[in-house]
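Each chain is listed here by its residues.
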Amino acid sequence: MERSTKKNGLINLFMLLLIGVAGLVVARVTHSQAGQIAAVFMGIGILVAAVSWFQMRLEESERLEKFEFDELARSKSSATLFEARDSETFPAQRSREQFERFFVPGFTALLLIGEGVGAWLLWRWLSKTSAAAEVVKPMVALALFGLFALILFLFGKFSATIARLEDHRLLRPGASWLLLSAYLCFVVAVGVVFVEAGFPRADIYVARGLTVLLGLVGLETLINLILELYRPRVKGKLARPLYESRVVGLLGQPEGLITTAAQALDYQFGFKVSETWFYRFFEKAVGWLLLLELVVLFLSTGIVFIETGEQGLLEHFGKPAAGQNALLGPGAHFKWPWPIDKVYRYRTEQIQSFDVGFTPESASENQNTILWSVAHTKEENFLVANRDQTTNTNSETGRIAPPVSLISVSIPVQFQITNLLEWVYNNEEPTNLLQNIANREVVRYLVSADLNDIMSENRKEAAETLRERIQAASDQHQLGAKIVFVGLQDIHPPVKVAGDYEKVIAARHQMKAKILDAQADAISTNALARATATNLINLAVSERVNREINAFAKAALFTNQVPAFEAAPSVYKQRAYLDAYARATANARKYILLTTNAQEVFQVDLQDKIRADLLNGLSVTPKK
């Protein structure tokens, strides 16, 4: 019997190793994340089964050693040969005790670290890759994981039945991991079924659930290690293996949960609830109830709900349904259960988009200032025509470069599915085809466009031309899509030459500014010269007119003076004299003296010793 137990433990180890490797290969090929995490569980089961099998060998060696010792003790007449110490007499027992004392706790601690770190790393891995994950060849994954579940369940159920005996307790860890691996393979297969039924993220949800389960198993291992420090040791009583997980055992053998629940109910109510007719009926009919749930689940696949903004494509045995029945609008619809009928959902009212010429990077989304000389996306360089030959001449060799330049441009393309049947069935991978068409039309257009026009005033016209060309090519391939918008933005030279390009543009701007300054100076100088000439001409004309008028005035004055002189010659002379005297002494200081009959002699000093401005405003007060 002991040989059979060790053989069963080795079979458990071999089956976990074989199915684990095969499951990992299948999961990697089909891109099933849940399958890869299930393979991680099987890897942990391989370690547990290996340790339990090795412990079986140690216990069997100990049993054989005691058996041989008892035979020798009975065959010898004297017992003096066996008075040595137990450590020297039973080396196999000592090896087993040291294994359980040192190796088992150390292995359990390493198992705890592996489960905790593994759950954390797997969760991070799922967070990074879940957005682009997609199960390929789902039918292959479904068939193989279903086969793995069946094989593991058969071997695990056999080992679990044998392990119920007390002497076969070391079979329990390997049997529990076999059964748990079987159920995990079944869960992975169910996730693939939901993916095939039109829920593409079902595999991702299953993978996250398995990651949480791995974390719970690690938490239980930590609790077991802590409780092991305070567990009472009873001599002769076999302890439960420290690395054996009760969570794994409960999930691998759920019938134990029913038994435990029955015992709890018996204790709670004070009578044998497990012996009532209802419990007996439930225990016998639990299989049929599960089968009924599976039937209801199968029939529920005959109802499909299409959300607003979506269209469903109905396939009957892998082919489009006849007539207009192939297209399902928003609402509830009835169909044959899966896999007879399948429905694929497409968001036909949603504006979808892709990018040409660049790949967005999350690190550049928070940049406030974007420079040509700093790479902010993964850019592609396009050839573009350049009709300006002045910048393409090599000053050293004198060679003229071809009339083309390199340019980086970000072109977002937005489209909408207008004919779902054409989109799905006329071309394989229509999204990739549309992206390739857009790339081709962008390359064709840029090699015929001018660099300066694209980067300046003709950007809007270029974007509209690109949209029309992409739409025409899409209609030619009968893609059933409408190109809504084509943007032409972030146009700049490649990053390596952006600095030199900016210097050339700056030099051109400086040249243009100097030309404009010279033109402004010429306009100002010419205008000033014309204004000065006009002023001089006007002054000369005014001087001429003034002199002519003065001459006419003097002539008229002389003409008028002749009659006055003839009328009164003495008066005219006296008046002329006084006028001349007044004009001559206009700026001279004058003194008025009142004379009497007394003869006085006045001496007048005509030298002006006091300035006139000093005497102005002074008042002279006469003496009394």
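For the structure itself, consult the block above.
What counts as what
Residues numbered from 1 in each chain as written. Predicted model: local features only at pLDDT ≥ 70, side-chain atom pairs only at ≥ 80, totals over all residues. Heavy atoms only, no water. 1 Å grid on protein atoms, 1.4 Å probe; cavity = no way out; pocket = protein on both sides within 12 Å on 5 of 7 lines; lining within 4 Å. Points joined across faces, edges and corners; volume = space filled by probe spheres on them. Helix = DSSP H or I, 4+ residues; strand = E, 2+ residues; numbered from the N terminus. Contact = heavy atoms within 4.5 Å. Salt bridge = Lys/Arg side-chain N within 4 Å of Asp/Glu carboxyl O. Buried < 20%, exposed > 50% of the residue type's maximum accessible area, 1.4 Å probe, protein only. Core = buried A, V, L, I, M, F, W, Y, C linked by side-chain atoms within 4.5 Å.

Visitor: Any chance you could explain empty space enclosed by the protein here in plain terms?
Guide: Rolling a probe over the atoms, with the probe sized like a water molecule, indicates the empty space that remains. The tally for this structure, following the rule as stated, stands at 1 cavity of 30 Å³ or more. The computed volume of the largest cavity comes to approximately 40 Å³. Lining the largest cavity we find Leu111, Glu115, Trp177, Glu220, Thr221, Asn224, Leu242, Tyr243, Glu244 and Ser245. Breaking the lining of the largest cavity down by element, the ones donating at least two residues are helix H4 (91–129) and helix H7 (202–230). Looking at which element gives the most residues to the lining of the largest cavity, the answer is H7, with 3 residues.

Visitor: Is there a simple way to explain the side chain of Ser32 in this structure?
Guide: Among the secondary structure elements, Ser32 is positioned in the loop between helix H1 (2–30) and helix H2 (33–75). In contact with Ser32, other than residues within four places in its own chain, are Ala27, Val135, Val188 and Asp203.

Visitor: In this structure, what is going on with the pattern of salt bridges? I would like to understand it.
Guide: Where charged atoms from two side chains of opposite charge approach closely, those side chains can pair. Taken as a whole and assessed by the stated rule, the structure comprises 6 salt bridges. A salt bridge links Arg440 to Glu441, with the nearest nitrogen and oxygen atoms 3.2 Å apart. We classify Glu441 as buried; its relative accessible area is 7%. Among the ionic pairs, Arg544 bridges to Glu548, the shortest N-O distance being 3.4 Å.

Visitor: How should I be thinking about the nonpolar core in this particular structure?
Guide: Side chains of a nonpolar character, in soluble globular proteins, are inclined to be buried together. Membership of the largest hydrophobic core comes to 56 residues, with the highest contact counts inside it found for Phe41, Phe145, Trp177 and Leu210. Those elements that place two or more of their residues in this core are H1, H2, H4, helix H5 (138–163), helix H6 (171–196) and H7. Looking at this core element by element, the count peaks at 12 residues for H2. Setting aside residues no more than four positions away along its own chain, Phe41 makes contact with Trp177, Leu180, Leu184, Leu210, Leu213 and Leu214. Counting 34 residues, the second largest nonpolar core, distinct from the first, contains Val304, Ile306, Val343 and Ala481.

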